[in-house]
Amino acid sequence: MNRRSIAEILAGALVLAVAAVFLFYAVTHSGRTLTTGYTLTAKFDRIDGLPQGAAVRLSGVKIGSVVGQRIDRETYLAVVTMQIDPGIQLPTDTSAEITSESLLGGRYIALVPGGSDRMLADGSTIEATQSAISLEALLGRFIFSVTDLVSAVGREAQGQQQAPANPARPGG
């Protein structure tokens, strides 16, 4: 082989190696896990903005991820399937709530363990859940309550201005 074809082979091998590194990075940082664990489900009224692959955390530490979402056709609740690290055993009275990472950030499921001696098994359902809180709804309620407060204060101030002044009694 001549020198040019060896340089082309080395350049091609380098490109393939760089592509493999990017692929590995994409798979490991995509939120999906290649390891297995046990699955739990939980039913929520609403799961606004909870993506598949979102973290499942216990005391702030990631112990699993969301692997599926569907609608229960009988109750119309959102059913979330989670894959949990097999080294973490959770009591049967564990609760799950959907919370935000930050004001602008994504959502995750926070698990709060209970005090039961019995543990959740593979395929179990977490009964105690708290759905996602809509930031827009909270903001709307706040604005509405502030508007009502300002209106009430304005009406009260207007009523005091229109009230007749009590004249002082002579000789009191």
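Everything below is about the structure shown above.
Computed from a predicted model, the values in this text were never measured in an experiment.

**Details of the sheet that holds strand 7 (residues 124-126)**
- Reading across the sheet, the eight strands line up as 7-1-4-3-2-6-5-8 and stay open at both edges, with mixed pairing between neighbours. Only two strands of the sheet have a single neighbouring strand rather than two, namely strand 7 and strand 8 (128-130). Neighbour-to-neighbour, the strand axes of this sheet turn through a mean angle of 30°, independent of strand direction.

**Notes on the environment of isoleucine 47**
- Here isoleucine 47 lies in the loop between strand 1 (38-44) and strand 2 (55-58).
- Each C-alpha atom, one on isoleucine 47 and one on glutamate 97, is 9.7 Å from the other, the two residues being 50 residues apart in sequence.
- Setting aside its immediate chain neighbours within four residues, isoleucine 47 contacts Gln69, Ala78, Val80, Ile98 and Ala132.

**Digging into the packing of aromatic side chains**
- Inspection of the entire model under this criterion finds zero aromatic pairs.
- A cation sits over an aromatic face here: arginine 57 above tyrosine 108, 4.7 Å from the ring centre.

**Considerations on the pattern of salt bridges**
- Per the counting criterion, the structure on display carries three salt bridges.
- Residue lysine 43 pairs with aspartate 72 through a salt bridge whose shortest N-O separation is 3.0 Å. Taken together, the residues lysine 43 in strand 1 and aspartate 72 in the loop between strand 3 (61-71) and strand 4 (78-84) connect sequence positions 29 residues apart.
- Its salt-bridge partner being glutamate 101, residue arginine 57 comes within 3.7 Å of it at the nearest N-O pair. Within this pair, whereas arginine 57 is found in strand 2, its partner glutamate 101 is found in the loop between strand 5 (95-100) and strand 6 (107-112), the two being separated by 44 residues in sequence.
- Arginine 57 sits in the partly exposed class, given a relative accessible area of 24%.

Reading the values: rules and limits
- Residues numbered from 1 in each chain as written.
- Predicted model: local features only at pLDDT ≥ 70, side-chain atom pairs only at ≥ 80, totals over all residues.
- Heavy atoms only, no water.
- Pairing = 2+ DSSP bridges.
- Helix = DSSP H or I, 4+ residues; strand = E, 2+ residues; numbered from the N terminus.
- Axes fitted to C-alpha atoms, helices over the stretch in contact; angles between N-to-C directions.
- Contact = heavy atoms within 4.5 Å.
- Phe/Tyr/Trp six-rings, centres within 6.5 Å; stacked < 30°, edge-to-face > 60°.
- Lys NZ or Arg CZ within 6 Å of the ring centre and 35° of its normal.
- Salt bridge = Lys/Arg side-chain N within 4 Å of Asp/Glu carboxyl O.
- Buried < 20%, exposed > 50% of the residue type's maximum accessible area, 1.4 Å probe, protein only.

In short, shape yes, function no, at least from these values alone.
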